[in-house]
Amino acid sequence: CVDTSDCILFNYIGIESLVESPWTIYPNPGTNQLHFNLNVKALVEVQNALGQIIYRSILEPSNNQSINTTAWSSGLYLVKTQTATHTRLMKWEKE
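Per chain, residue numbering runs from 1 following the sequence as it is written. Thresholds applied to this predicted model are a pLDDT of at least 70 for local features of residues and 80 or more for the giving and counting of side-chain atom pairs; totals over whole chains, interfaces and linings are not thresholded and use all residues. Based on all heavy atoms of the structure, the side-chain values leave hydrogens and waters out of the count.

**A few points about the sheet that holds strand β3 (residues 42–47)**
Part 1 of the argument: Strand pairing follows a simple DSSP-based rule, namely that at least 2 bridges must link the two strands. Helix and strand assignments come from DSSP, with helices taken as H or I runs of at least 4 residues and strands as E runs of at least 2, each series counted from the N terminus. Ordered in space as β4-β3-β6-β7, the four strands form an open sheet in which the pairing is antiparallel. The open sheet is flanked by β4 (53–59) and β7 (87–94), the only strands paired with a single partner. Strand-to-strand, the axes of this sheet are offset by a mean angle of 20°, without reference to chain direction.
Part 2 of the argument: Direction of pairing for strand β6 (residues 75–82) relative to β7: antiparallel, over a ladder of eight bridges. Within β7, the position partnered with V79 by the bridge is M90. In this description, a line fitted to the C-alpha atoms serves as the axis of each element, helices being fitted only across the stretch in contact, and the angle between N-to-C directions of two axes falls anywhere from 0 to 180 degrees.

Right under this line is the structure:
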C-alpha cells in the first residue's frame, strides 16, 4: 500500500484446506438425470431458481444414486448435500 492507492485486506475466516469431497454430482450440465456418488449417508435438497425445494431425500452411500429430472424446467438449480459433518452447496444446470 502507498499513499496514492487504497489498501484492501482480505481475511479468510473458516476456510478449511481443500480435501476430497465425500460426494460428487454429475453430469453438469445435465438433462434428464442427476447422478450422485456418495461415500456417506446424506440429506439432499434441490432448489429451483425461485428458492423452492423441489426435491428432498436422504440418500444412502452408493456409487450411483440418481434423481429423475425429466419434469424439471431448464435452468440453474442449487443442490444442497448435508452429512453429519459437512454441508455443501453446488450449482447444477439442466439443459
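**With respect to the side chain of K94**
Part 1 of the argument: Secondary-structure assignment places K94 in strand β7.
Part 2 of the argument: One buried charged side chain, K94, makes no salt bridge at all; its nearest oppositely charged neighbour is E95, positioned 10 Å away.
Part 3 of the argument: A distance of 2.7 Å separates a polar atom in the side chain of K94 from the backbone oxygen of W72.
Part 4 of the argument: The contact rule is simple, with two residues in contact once any of their heavy atoms fall within 4.5 Å. Apart from the residues lying within four places of it in its own chain, the contact partners of K94 are G30, T31, N32, T69, T70, A71, W72, S73, S74, G75 and Y77. We call a residue buried when its accessible area falls under 20% of the maximum for its residue type, exposed when it is over 50%, and partly exposed in between, using a 1.4 Å probe and counting protein chains only. His residues and chain termini do not enter the charge count, which takes Lys and Arg as positive and Asp and Glu as negative. We define a salt bridge as a contact between a side-chain nitrogen of Lys or Arg and a carboxyl oxygen of Asp or Glu at a distance within 4 Å. We define a polar contact as two N or O atoms separated by no more than 3.5 Å, with the added condition that, inside protein, one atom must be a possible hydrogen donor and the other a possible acceptor, whereas residues neighbouring each other in sequence contribute only through side-chain atom pairs.

**Thoughts on the packing of aromatic side chains**
Part 1 of the argument: For Phe, Tyr and Trp, where Trp contributes only its six-membered ring, two rings pair if their centres lie within 6.5 Å, and the inter-plane angle classes them as stacked under 30 degrees, edge-to-face over 60, or tilted in between. Going through the model one piece at a time under the given rule, you end up with three aromatic pairs.
Part 2 of the argument: Relative to Y77, the ring of W72 has its centre 5.2 Å away and its plane inclined at 35°; by these criteria the two rings are tilted.
Part 3 of the argument: On the basis of relative accessibility, which here comes to 14%, the residue W72 falls in the buried class.
Part 4 of the argument: Geometrically, the ring pair formed by W72 and W92 is edge-to-face, given 6.1 Å between the ring centres and 80° between the ring planes. Of this pair, W72 sits in the loop between β5 (62–68) and β6 while W92 sits in strand β7, and the two are 20 residues apart along the sequence.

**Some points on the side chain of E45**
Part 1 of the argument: Among the secondary structure elements, E45 is positioned in strand β3.
Part 2 of the argument: For E45, a relative accessible area of 8% translates into the label buried.
Part 3 of the argument: Residues in contact with E45, not counting those within four places in the same chain, are I53, Y55, R56, L78, V79 and K80.

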